[in-house]
Amino acid sequence: MAPDPCRFSHKQCITMNMKLQDLIVFENDELVALNKPSGLLSIPDREGKDASLKELLQNTYPSIFTIHRLDRETSGLIIFAKDAEAHKHFSQQFEARKTIKIYNGLVIGSVSQASGSIDAPIAENMVKRGTMIIHRRGKQALTDFNVLKDFKIYSWMEFRIHTGRTHQIRIHAREIGHPLAGDPIYGDGKPVYLSSFKSRFNLSKEHLEERPLLNRLALHASRLKIETRDGHWLELEAPLHKDLKATLQQLEKRK
């Protein structure tokens, strides 16, 4: 095994390795698939101050290669290759748009159109760095969507992206007038509270203020279909994390 590259204390490294095992949803000789929590970087950023999923993997595996990434705020399915050949094979699939990528998200409001496609080019925002805009000078971006549940105040959506632009689902959701809940860039960034949709809501005596059901971007990479090197299609799935799952359960109760 390669030398331990973890920058953190030995105790922190052990803790992170224990958590890493809880995140793995599938593994074979070619790749490892994980259910990334919201708030964790996929790969190290330029500053290198915060832990990333790739660093956690490097602390366990002799070699690991980045195939794709998720926004820090997005939870869900992400895969890493275990060797250079697998990395080339899967990266080419992503570049050729042969992979099938399915996301789920909770958007604000009731979406009138049950299904459809958003075909709007995405470009970097030259005024506000790190954000994106819909603009004709941008690259083509195509997103299919379906409304799975209409809760009136929110809608539970399924998205399939045919391109992999930065913040694609987030900015396309805003484009149709229904930004993702908890999105601080393209939405209002407000947490989801039970009191916002439950009538006669009262705090318990033990709590002075209400805790949010969901306090992050409501976007989850749920499914991925890719072709292995031997020609077989592999379908991977990452279950919802507790916060999104609990939010949906509460919305279902009060639908």
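Everything below is about the structure printed above this text.
Rules used in this analysis
Residues numbered from 1 in each chain as written. Predicted model: local features only at pLDDT ≥ 70, side-chain atom pairs only at ≥ 80, totals over all residues. Heavy atoms only, no water. Buried < 20%, exposed > 50% of the residue type's maximum accessible area, 1.4 Å probe, protein only. Helix = DSSP H or I, 4+ residues; strand = E, 2+ residues; numbered from the N terminus. Pairing = 2+ DSSP bridges. 1 Å grid on protein atoms, 1.4 Å probe; cavity = no way out; pocket = protein on both sides within 12 Å on 5 of 7 lines; lining within 4 Å. Points joined across faces, edges and corners; volume = space filled by probe spheres on them. Core = buried A, V, L, I, M, F, W, Y, C linked by side-chain atoms within 4.5 Å. Contact = heavy atoms within 4.5 Å. Phe/Tyr/Trp six-rings, centres within 6.5 Å; stacked < 30°, edge-to-face > 60°. Lys NZ or Arg CZ within 6 Å of the ring centre and 35° of its normal.

J.: What exactly am I supposed to notice about the pairing of strand β5 (residues 100–108) here?
T.: Within a regular strand, the side chains alternate between the two sheet faces. Counting buried positions along β5 yields 7 of 9 residues, so the element is predominantly enclosed. Looking at chain direction, β5 and strand β11 (residues 219–227) are connected through 6 bridges and run antiparallel. Within the sheet, the bridge partner assigned to Ile100 lies in β11 and is Lys225. Note: β5 against strand β10 (residues 154–161), 8 bridges, orientation antiparallel. From the neighbouring strand, Gly105 faces β10, where its bridge partner is Met157.

J.: Looking at this model, I keep getting lost on empty space enclosed by the protein. Mind explaining?
T.: Where empty space is left becomes clear once a probe the size of a water molecule has been rolled over the atoms. Counting across every chain of the model gives 1 cavity of 30 Å³ or more. Put simply, the largest cavity is a space of about 50 Å³. What lines the largest cavity is His68, Leu77, Lys101, Ile102, Tyr103, Ala221, Ser222, Arg223 and Leu224. In terms of residues, the lining of the largest cavity owes the most to one element, β11, which gives 4 residues.

J.: When you look at the nonpolar core in this model, what are you seeing that I'm missing?
T.: Most often, soluble globular proteins have nonpolar side chains that are buried together. Counting residues in each nonpolar core, the largest one holds 30 residues, and the members touching the most others are Val32, Leu34, Leu53, Leu57, Phe80 and Tyr103. Put simply, the parts of the chain that give this core at least two residues each are α1 (10–23), β2 (31–36), α2 (53–58), β4 (75–81), β5, β10, α4 (168–175) and β11. Tyr103 has contacts with Leu70, Thr74, Met157, Glu158, Phe159, Ile161, Ile169, Leu219, His220, Ala221 and Ser222, leaving out every residue within four places of it along the chain. Counting residues in hydrophobic clusters, the runner-up holds 14 residues, among them Ala33, Ala86, Phe94 and Leu224.

J.: Help me understand the packing of aromatic side chains in this model?
T.: Ring pairs (aromatic) are described by centroid distance and by the angle formed between their planes. What the rule picks out here adds up to 0 aromatic pairs. Sitting over the face of the ring of Trp233, Lys225 holds its NZ or CZ atom 5.7 Å from the ring centroid.

Spatial relationships are all this shows, so hold off on functional conclusions.
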